[in-house]
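So you can see what is in the structure, the chains are spelled out below.
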Amino acid sequence: MSMQAKLNTEITIEELCEDFIYNEVEGKGLQGMGGDLIIQPEYQRNFLYADNGGDKEKKVIDSILKGYPIGLIYFNKAKQDDGTIKFEVLDGQQRITSIGRYVTNKFQILRDGRETYFEGLPEDLQRKINKTKILVYECEGDESDIKEWFETINIVGIPLNEQERSNAIYSGKFVTAAKAVFSNSRNSQIQKWSAYIKGVANRQDFLATALQWISDSKNETVSEYMSKNRRSDDISEMEMYFNAVLDWAKMIFGLPVKEMQGLEWGRLYETYHKNQYKSESVQKRVSEFLADEAVTNNKGVFEYVLGGEQDKTLLNIRMFDERTKRTVYQRQTNEAKEKGVSNCPDCANFGNTAQKAKIYELKEMDADHVSAWSHGGETAAENCQMLCKYHNRSKGNR
């Protein structure tokens with residue numbers, strides 16, 4: 001059937017919030033309208049208005065008290081697994097949850113200079129909130145229609161991120177079970193995860209990471225993995241792999257440091273976890289590189305050490321500044337002219353007849369570490385020499 005919508009202007013906030021339930025642990029509204037309204041179906045994102053001090057949910061209540069419209073709300077009429085027909089909030093769950101949380105005294109608003117719960121409002125203001133009518137479009141259609149409409153109406157407000165869209169598309173037992181673990185802001189593991197992964201639970205960042213890691217390990221896309229597992233409530237494979245990656249990182253590098261947050265741990269695990277490392281030696285080298293002022297990309301240190309300290313591009317080593325290069329160039333050139341040799345030491349020692357006495361211009365030369373940086377040589381004037389571009393590029397890591 002095609003998508004159908006009917007406008008209902010008679011639902012009051014009192015009716016909307018009948019038997020309202022908010023789950024503090026999962027951070028989501030569960031039901032309203034006497035149990036006939038599912039506030040956060042699995043394709044919906046977590047409740048976000050309580051973030052940042054709850055300013056947005058307080059503004060919802062303030063708008064109602066001032067008589068301002070709070071916008072259209074969309075319900076989807078859907079058949080449940082037990083065969084009953086209930087409404088699901090298609091759009092407006094943030095506003096509905098905010099209203100329900102306030103009328104059940106979950107937070108306060110500022111009234112006449114005082115923080116006030118719903119039960120502390122004067123009776124006329126309580127009545128004004130309860131009797132306020134909301135504008136609801138009651139929608140009905142196939143699952144594909146509903147999901148497409150859900151994404152369309154969520155192009156405003158707080159935009160859906162990629163994982164929230166995926167949760168909507170592949171809603172089912174797998175998403176429900178996965179969100180209970182990885183999108184639960186009360187999960188005691190979040191502090192541990194946050195040392196390695198940037199993000200917050202209620203925006204699906206940990207779930208997105210877990211899905212990316214496990215799907216990459218199987219050479220699948222996240223969409224393929226979610227689609228394949230959609231009807232299963234078993235997330236153990238994803239959990240085990242996720243924990244294996246983080247346990248490996250801790251075993252190799254010890255207690256996490258700030259530079260470890262946000263690294264591509266899944267890729268690093270797949271690339272290096274079969275190698276043998278002495279964790280004490282690894283941690284010592286990492287500490288040395290992190291303390292080295294010549295290293296300007298501290299996040300690259302970890303893969304540099306895992307890779308046997310071969311790829312210096314990972315470190316973005318601080319190069320000699322222009323003043324140092326000009327000073328060293330002038331010194332070498334003056335000495336070379338006195339001796340009648342090239343101002344490139346390698347040309348003077350190893351070049352052909354023409355090269356042995358060639359005086360290069362500064363722009364034809366590169367600054368080079370006499371003692372290689374990777375072997376402990378400092379990025380200082382005392383360890384700088386100017387080489388012609390050919391010899392500098394052919395020197396490598398000697």
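Engineer: Could you give an account of the overall build of the protein, with specific residues and numbers?
Structural biologist: Within the protein, the regular secondary structure consists of 18 helices and 11 strands. Considering only C-alpha atoms, the protein reaches an extent of 100 × 50 × 40 Å along its principal axes. Evaluated residue by residue, the protein yields a buried proportion of 46% over its 398 residues. Long-range pairs, those at least 24 residues apart, make up 62% of the contacts in the protein with a sequence separation of at least 6. Entry remark: accessible area of the protein is about 21,100 Å², with carbon and sulfur atoms responsible for 47%.

Engineer: Break down the environment of H391 for me, citing the residues and quoting the values.
Structural biologist: Along the chain, the position of H391 falls in helix α18 (residues 389-395). Sequence separation of H391 and S188 is 203 residues, and the distance between their C-alpha atoms is 56 Å. Non-local contacts of H391, meaning those with residues more than four positions away in its chain, are made with C344, D346 and C347.

Engineer: Quick rundown of the packing of aromatic side chains? Include the residues and the values.
Structural biologist: By the definition in use, this model includes 16 aromatic pairs. A ring pair is formed by Y74 and Y137, whose centres lie 5.7 Å apart and whose planes are at 15 degrees; its orientation type is stacked. You can see Y74 sitting in strand β5 (residues 73-79) and its partner Y137 sitting in strand β9 (residues 136-140), a full 63 residues away along the chain. Plain terms: the ring middles of W193 and F206 are 5.6 Å apart, the flat faces sit at 55 degrees to each other, and that makes the pair tilted. Of the two residues, W193 is situated in helix α8 (residues 190-194) and F206 in helix α9 (residues 205-217); the sequence distance between them amounts to 13 residues. Pair check on accessibility: W193 and F206 agree, each one buried. One aromatic cluster is present, built from ring pairs that chain together F182, W193, F206, W213 and F242. Directly above the ring of Y22 sits R101, whose terminal nitrogen or CZ lies 4.8 Å from the centroid.

Engineer: Could you give an account of the pattern of salt bridges, naming the residues involved and the relevant values?
Structural biologist: On inspection of all chains with the given rule, the structure shows 18 salt bridges. Salt-bridge contacts for E288 lead to K284; the nearest nitrogen and oxygen are separated by 2.6 Å. In this pair, E288 and K284 both sit in helix α13 (residues 279-291), four residues apart, roughly one turn of the helix. A salt bridge links K325 to E322, with the shortest nitrogen-to-oxygen separation between them at 2.8 Å. Separated by three residues within a single helix, K325 and E322 lie in helix α15 (residues 322-339), roughly one turn from each other. The class for E322 is partly exposed, based on a relative accessible area of 47%. Each of K284, R285, E288 and E309 takes part in a single network of salt bridges with overlapping partners.

Cut-offs applied
- Residues numbered from 1 in each chain as written.
- Predicted model: local features only at pLDDT ≥ 70, side-chain atom pairs only at ≥ 80, totals over all residues.
- Heavy atoms only, no water.
- Helix = DSSP H or I, 4+ residues; strand = E, 2+ residues; numbered from the N terminus.
- Buried < 20%, exposed > 50% of the residue type's maximum accessible area, 1.4 Å probe, protein only.
- Contact = heavy atoms within 4.5 Å.
- Areas by Shrake-Rupley, 256 points an atom, 1.4 Å probe, with all protein chains shown as cover.
- Phe/Tyr/Trp six-rings, centres within 6.5 Å; stacked < 30°, edge-to-face > 60°.
- Lys NZ or Arg CZ within 6 Å of the ring centre and 35° of its normal.
- Salt bridge = Lys/Arg side-chain N within 4 Å of Asp/Glu carboxyl O.

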